[in-house]
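The chain contents come next:
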Amino acid sequence: MVWRIEYAYGDVEQFILELPPGLAARYLRLTDLMLEFGPDLGMPHTKALGNGLFELRLKGQEGIARLFYCTLTGQRIVMLHGYIKKAQKIPPRVLKMARRRMLEVKNRGSH
């Protein structure tokens, strides 16, 4: 089973390109695993947030980052939104953005 990773929004690609080196290396390592083994690597690497939304959990010396993603038919993983974590809980506006984008991507994919 070979998976593909897609970026539905330009700001997500930009976020990844601007990650500090340690977090960027972690992102590359985890996405390599996702390409080979699928989107659900389990804790502490990935976490299911419900209704098809997942969180990729990056931790490095520079801090903590999170990327939200979903899956589509055809073995596709779609990166939806990313942010640098500063608080214990996911900020409501960040989660709302990720959920809205997931609905957009899934509706686009079904046509």
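Up top is the structure these notes are about.
A short tour of the structure in this document, coming up.

Let us look at helix α1 (residues 10-17). Residues of α1 that are buried include every one of V12, F15 and I16, and no others. Projected onto a plane normal to the axis of α1, the buried residues spread over an arc of 95 degrees and lie on a single side. Opposite the buried face of α1, at more than 90 degrees from it, the exposed residues are G10 and L17.

Counting buried residues in strand β4 (residues 63-72) gives seven out of 10 residues, a clear majority hidden from the surface. Examined bridge by bridge, strand β3 (residues 53-60) and β4 share seven bridges and lie antiparallel to one another. What sits directly across from R57, in β4, is R66. The hairpin turn running from β3 into β4, its antiparallel successor, is two residues long. Sheet topology note: the β4/strand β5 (residues 76-84) ladder contains eight bridges and is antiparallel. Within β5, the position partnered with Y69 by the bridge is M79. Counting the residues between successive antiparallel strands, the hairpin from β4 to β5 contains three residues, one of them, G74, with a positive phi of roughly 85 degrees.

Further remarks concern helix α2 (residues 21-37). An ideal rise of 1.5 Å per residue puts 24 Å on 17 residues; α2 measures up with 24 Å between its terminal C-alpha atoms. By the burial criterion, the buried members of α2 are L23, A24, Y27, L30, T31, L33 and M34. On its buried side, α2 packs onto β1 (4-7), α1, β3, β4 and β5. In the segment just after α2, G38 is the residue with positive phi, at about 105 degrees.

Our next topic: the environment of K85. Of note, K85 is situated in the loop between β5 and α3 (92-109). Overall, the relative accessible area of 22% leaves K85 in the partly exposed class. Taking the C-alpha atoms as reference points, K85 and G63, separated by 22 residues in sequence, lie 7.6 Å from one another. In this view, K85 contacts I64, A65 and R66; residues no more than four positions away in its chain are not counted.

Across soluble globular proteins, nonpolar side chains have a tendency to be buried as a group. Core analysis: the biggest nonpolar cluster contains 32 residues, and L19, Y27, L56, L58, L67, M79 and L80 have the highest contact counts within it. Elements that contribute at least two residues to this core include exactly α1, α2, β3, β4, β5 and α3. Setting aside residues up to four positions removed in sequence, L58 forms contacts with L19, L23, R26, Y27, L30, G63, I64, A65, R66 and L67.

Right, let's talk about the sheet that holds β3 for a bit. The mixed open sheet is built from five strands, whose spatial order is β1-β5-β4-β3-β2. Taken across any chain shown, the strands that pair with only one partner, and hence form the sheet edges, are β1 and β2 (46-50). Direction aside, neighbouring strands of the sheet carry axes that sit 35 degrees apart on average. The sheet contacts of α1 involve β1, β4 and β5, and relative to β5 the element is tilted by about 60 degrees. The sheet contacts of α2 involve β1, β3, β4 and β5, and relative to β3 the element is tilted by about 140 degrees.

The rules behind each value
Residues numbered from 1 in each chain as written. Predicted model: local features only at pLDDT ≥ 70, side-chain atom pairs only at ≥ 80, totals over all residues. Heavy atoms only, no water. Buried < 20%, exposed > 50% of the residue type's maximum accessible area, 1.4 Å probe, protein only. Helix = DSSP H or I, 4+ residues; strand = E, 2+ residues; numbered from the N terminus. Arc of directions from axis to C-beta. Pairing = 2+ DSSP bridges. Expected span 1.5 Å × (residues − 1). Contact = heavy atoms within 4.5 Å. Core = buried A, V, L, I, M, F, W, Y, C linked by side-chain atoms within 4.5 Å. Axes fitted to C-alpha atoms, helices over the stretch in contact; angles between N-to-C directions.

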